[in-house]
Every structure is written in C-alpha cells, then in structure tokens.
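What follows is each chain in one-letter form.
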Amino acid sequence: MQGNVEHPQTAGKAIVAFDAECILCSANAQFILRHDHKRHFMLASMQGDYGSALYRKYDIDPANPETLIVVQDNRLLRNSDAVLTIYAGLGWPWRAVSALRFLPKFLRDPVYLLVARNRYHIFGKRDTCWLPQPEFQDRML
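Basis of the calculations
- Residue positions are given per chain, counting from 1 as you read along its sequence in written order.
- With the structure being a predicted model, the display of local features is reserved for residues of pLDDT at least 70 and the display and counting of side-chain atom pairs for 80 or more, all residues being used for whole-chain, interface and lining totals.
- Side-chain figures throughout are based on the complete set of non-hydrogen atoms in the structure, without hydrogens or water.
- For Phe, Tyr and Trp, rings pair up if their centres lie within 6.5 Å, where Trp contributes its six-membered ring, and each pair is then called stacked (planes under 30 degrees apart), edge-to-face (over 60) or tilted (otherwise).
- The rule is short: NZ of Lys or CZ of Arg within 6 Å of the ring centre and within 35 degrees of the ring normal puts a charge over the ring.
- Only residues whose relative accessible area exceeds 30% and that take part in no salt bridge are eligible for patches, with like-charged residues grouped when within 9 Å of each other and nonpolar side chains (Val, Leu, Ile, Met, Phe, Trp, Tyr) grouped when within 5 Å.
- Accessible surface area values rest on a Shrake-Rupley calculation with a 1.4 Å probe, where residue burial reflects the displayed protein chains alone.
- Criterion for a salt bridge: a side-chain nitrogen of Lys or Arg within 4 Å of a carboxyl oxygen of Asp or Glu.
- Helix numbering and strand numbering both begin at the N terminus, where a helix is a DSSP run of H or I of at least 4 residues and a strand a DSSP run of E of at least 2.
- Each residue is assigned to one of three classes by its accessible area relative to the maximum for its type, calculated with a 1.4 Å probe on protein chains only: buried under 20%, partly exposed between the two thresholds, exposed over 50%.

1. With respect to the packing of aromatic side chains
Pairs of aromatic rings are described using the distance from one ring centre to the other and the angle between the two planes.
Point 1. Following the criterion strictly, the structure yields three aromatic pairs and no others.
Point 2. The structure contains a cluster of three or more aromatic residues connected by ring pairs, namely Phe31, Tyr87 and Trp94.
Point 3. A cation over a ring is seen here: arginine 119 above tyrosine 120, with NZ or CZ 4.7 Å from the ring centre.
Point 4. For lysine 125, the ring lying beneath its charged end belongs to tyrosine 120, and the centroid distance is 4.8 Å.

2. Some remarks on a nonpolar patch on the surface
Point 1. On the surface, a nonpolar cluster with roughly 380 Å² of combined accessible area is contributed by Ile23, Leu24, Val115, Ile122 and Phe123.
Point 2. Elements with a contribution of two residues or more to the nonpolar patch: helix H1 (23-35) and helix H5 (119-123).
Point 3. Relative to the helices and strands, isoleucine 23 is located in helix H1.
Point 4. Classification of isoleucine 23 by relative accessible area gives partly exposed; the value is 34%.

This is how it looks when you write it as structure tokens:
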C-alpha cells in the first residue's frame, strides 16, 4: 500500500469509493445517501483527489477500476463483499440483501465483475461526474 489518505471526517465511518461517471455507480451512491439514516457511510468519487488516492493506496488504478471499494479502519472490501457490506450497513429492509453472503465468493464475484467490467455498455456513462444534492454534500469526500 502506498500513501496516507487519512481524513478527519472518516473516523468511525466506512468510505465507499465509486465511479461517478458510471450511471449505475452514481445511482448506487444516491441510494446509499438516501437510505443511510445512521450516516455510517461517506462517499468518494474515484475521479476526485481523495477517491483516487484511496484507490492508489490499495494498488487499484483509479482510471480503470473493476470494482467499487469500501474501506473502514484501513480494511479494504471489494467486489461483491463491498456491495453486501453496504447493504448490511443500511439496516432493514436493505440488510436482507446481505444474506447473499451464504453464496461462496467464487460464485458471487464473477457475476459482480461481469457487470462491473461492462457497466458503461450496459448502463451508460455520464459526460461529467455525478454530484450529490446540496443536503448530501457533507457526506462526500
């Protein structure tokens, strides 16, 4: 791992780093912001300084990632584990999605990676990065 990406706003929080140009990824970010009533998650665009530094810290190219990542207490989660962790953190009824953890990673991750690698072709790509509504600006890094 390289670089220090500590941020005072992240103490005790999980950071979700995502592709803000991807329509699917930005829709997921909006979903997190709307349903994270406990404010457990902070979000960082991989196109921004903080998000790209976080990707590089974990040796992932922010210009060509195949996964969104979740980082909490310097612990990295990626692929299907990251998505299931997000849904578990949102509480009920969304927590029910995390029951998919009973499926082994060797079954979950290929499906995740198939969608992730083809996300622009399937869902589209924005010309500019998605930005949250003003009431959620404090949740962005």
